[in-house]
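# Structural features, examined
Residues per chain are reported as follows:
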Amino acid sequence: MIFYFSGTGNSKWIAREISVVQHERLISIADEMTNPDAAFQYRLTDNEMIGFVFPVYSWAPPAIVMDFIDKIRFENFRNPYMFFVCTCGDEVGLTVDIIKKAAGKRGWSFNAGFSVIMPNNYVCLPGFDTDPKELEEKKLSEAVPAVGHINALLTARESDVFEYRKGSWPCFKSRIINPLFNKYQVTAKPFFATDSCISCGLCEKACPVHNIRVVDKPVWGEFCTSCLACYHVCPQQAVQYGKATRNKHQYFNQHH
C-alpha cells in the first residue's frame, strides 16, 4: 500500500504512477487524518510493500505526515519492503534523516528512499514564488524518467538505495528554519478571499484536509497544512495569504 499526501498534485501524481506499476493500493493520508472513524490500522497482504509519498515542507516532511506515521499500525507485518518518495522544488535538507528516525521509532526500516524535483509552489514568504514556465515544464518533463527509474528499482526490490539532494546548510534549514515554519507559517489565519471571488467552490474541493467552507466566500477552519492548494487552484486568484501572495503566480499539477 502507498500512503500519500499532496496539496497541488505533485506527490499525488507520483504516488499514482508508482501504485499503477507496482499494483499497490493508494491511500490518502489527508483523508485518513480527517476521517473521524479512522482506526489507523492496516492489514498487509503477503508481499505487499509499504510506501510513503509526500512533499518537502521547509526542508522536512509535513507535520501531517509525521503525525500519521506516529498513529498507524500494521497487521501481518513481516518485514515488508518499505520506501518513500519526497517531492521538492530543489533540495530536501535532512528530510531523509527525519523520516528514517520516525520509522525507526516504530520499529520499521526503509529499504529505499528518493527525492524527485518538481515545480515550486510555495509563495507565502518574501522572495518565494513559483518557477518560471520554462523551468516548470523542464522539471515536469524530467520527472517522468525519474519516476520510471524509481519504479524500476522498486520492482527489483532493491535495498539500501537512497537517492536525494540534501543541499547546503541542511542542519540549519531542517533543525532551525523548519520548526519556525511549523510554528508560524502553518496556519490558515492570513488566508482571505478578495472581492474577485466568484464562490465557485474550487478551493473547498481542492483542500485535502477539508478545512474550507464556501458560503458567500471561502471560510477557513483551524486544520491547515499550508499546502496552498486553495491559493493555486483559484481561477480568479482571489485567494490570498495576507500581503505575501500579492502579485505572485500559481501552479497546479494538471496530471494529478
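Residues numbered from 1 in each chain as written. Predicted model: local features only at pLDDT ≥ 70, side-chain atom pairs only at ≥ 80, totals over all residues. Heavy atoms only, no water.

Okay, the overall build of the protein next. Looking only at helices and strands, the protein has eight helices and twelve strands in total. Relative to the 2.2 N^0.38 estimate, which gives 18 Å for 256 residues, the radius of gyration of the protein is 18 Å and therefore close to what a compact globule would have. Counting only C-alpha atoms and orienting by the principal axes, one finds that the protein spans roughly 55 × 40 × 35 Å. Of all intrachain contacts in the protein linking residues separated by at least 6 positions in sequence, the fraction that spans at least 24 positions is 77%. In the form shown here, the protein has an accessible surface area of approximately 12,700 Å², with 51% of it arising from carbon and sulfur atoms. With 27 positive and 26 negative side-chain charges, the protein shows a spacing of 6 Å between the two charge centroids. (Helix = DSSP H or I, 4+ residues; strand = E, 2+ residues; numbered from the N terminus. Rg over C-alpha atoms; globule rule 2.2 N^0.38 Å. Contact = heavy atoms within 4.5 Å. Areas by Shrake-Rupley, 256 points an atom, 1.4 Å probe, with all protein chains shown as cover. Lys, Arg positive; Asp, Glu negative; His and termini not counted. Charge placed at Lys NZ, Arg CZ, Asp CG, Glu CD.)

Our focus in this paragraph is helix H4 (residues 95–105). Restricting attention to buried positions, one finds in H4 the residues Thr95, Val96, Ile98, Ile99, Ala102 and Ala103. Burial along H4 is one-sided: seen end-on, the buried residues are contained in an arc of 165 degrees. With respect to the buried face of H4, the exposed residues turned more than 90 degrees away are Lys101 and Lys105. Looking at the buried residues of H4, the elements they touch are strand S4 (50–55), helix H3 (63–71), strand S6 (82–88) and helix H6 (170–184). Positive backbone phi, approximately 85 degrees, marks Gly107, located one or two places after H4. (Buried < 20%, exposed > 50% of the residue type's maximum accessible area, 1.4 Å probe, protein only. Arc of directions from axis to C-beta.)

What follows is about the packing of helix H1 (residues 10–22) against helix H5 (residues 133–155). Relative to each other, H1 and H5 sit at 40 degrees, their axes nearing to 10 Å. Classified by the angle their axes make, H1 and H5 are oblique. Where H1 crosses over H5, the handedness of that crossing is right-handed. Residue-level inspection shows Trp13, Ile14, Glu17, Ile18, Val21 and Gln22 of H1 in contact with H5, the latter providing Ala143, Val144, Val147, Ile150, Asn151, Leu154 and Thr155. Partitioned by chemical class, the residues of the contact of H1 with H5 number nine nonpolar, three polar and one charged. (Axes fitted to C-alpha atoms, helices over the stretch in contact; angles between N-to-C directions. Parallel < 35°, antiparallel > 145°, perpendicular 65-115°, else oblique. Left-handed = near helix turned anticlockwise from the far one by under 90°. Nonpolar A, V, L, I, M, F, W, Y, C, P; charged D, E, K, R; others polar.)

To continue, consider the nonpolar core. Counting 59 residues, the largest nonpolar core has Phe3, Tyr42, Phe52, Phe68, Phe74 and Phe191 as its most contacted members. Not counting chain neighbours up to four residues away, the residues in contact with Phe74 comprise Met1, Phe3, Tyr42, Leu44, Ile50 and Trp108. Core analysis: the next-biggest nonpolar cluster, separate from the first, contains 21 residues, Ile2, Tyr4, Ala15 and Ile18 among them. (Core = buried A, V, L, I, M, F, W, Y, C linked by side-chain atoms within 4.5 Å.)

On the surface, a cluster of nonpolar side chains totalling about 610 Å² of accessible area is made up of Trp169, Phe172, Ile176, Leu180 and Tyr184. Along the chain, the position of Tyr184 falls in helix H6. (Patch = residues over 30% accessible without salt bridge, like charges linked within 9 Å, V, L, I, M, F, W, Y side chains within 5 Å. Salt bridge = Lys/Arg side-chain N within 4 Å of Asp/Glu carboxyl O.)

With that settled, consider unusual backbone geometry. One non-glycine residue, His23, adopts positive backbone phi at about 55 degrees. Examined against the element boundaries, His23 turns out to sit in the loop between H1 and strand S2 (26–28). Unusually for a residue other than glycine, Trp59 sits at a positive phi of about 65 degrees. Take Trp59: it is sitting in the loop between S4 and H3.

For the structure shown, the criterion picks out 18 aromatic pairs. Ring centres 5.8 Å apart and planes at 85 degrees place the aromatic pair Tyr122 and Phe128 in the edge-to-face group. With relative accessibility at 36%, the residue Phe128 sits in the partly exposed group. Through a chain of ring-to-ring contacts, three or more aromatic side chains come together here, namely Phe3, Phe40, Tyr42, Phe52, Phe68, Phe74, Phe77, Phe84, Trp108, Phe110 and Phe162. Over the ring of Phe162 we find Lys100; its NZ or CZ atom is 3.7 Å from the centre of that ring. Over the ring of Tyr81 we find Arg157, and its NZ or CZ is 5.5 Å from the ring centre. (Phe/Tyr/Trp six-rings, centres within 6.5 Å; stacked < 30°, edge-to-face > 60°. Lys NZ or Arg CZ within 6 Å of the ring centre and 35° of its normal.)

With respect to the helices and strands, Val219 occurs in strand S11 (residues 218–220). Residue Val219 is classed as partly exposed on the basis of its relative accessible area of 37%. Taking the C-alpha atoms as reference points, Val219 and Glu204, 15 residues apart in sequence, are found 9.0 Å from one another. With near-sequence residues (within four places) excluded, Val219 lies in contact with Asn211, Ile212 and Arg213.

Function cannot be read off these values alone, since they describe shape.
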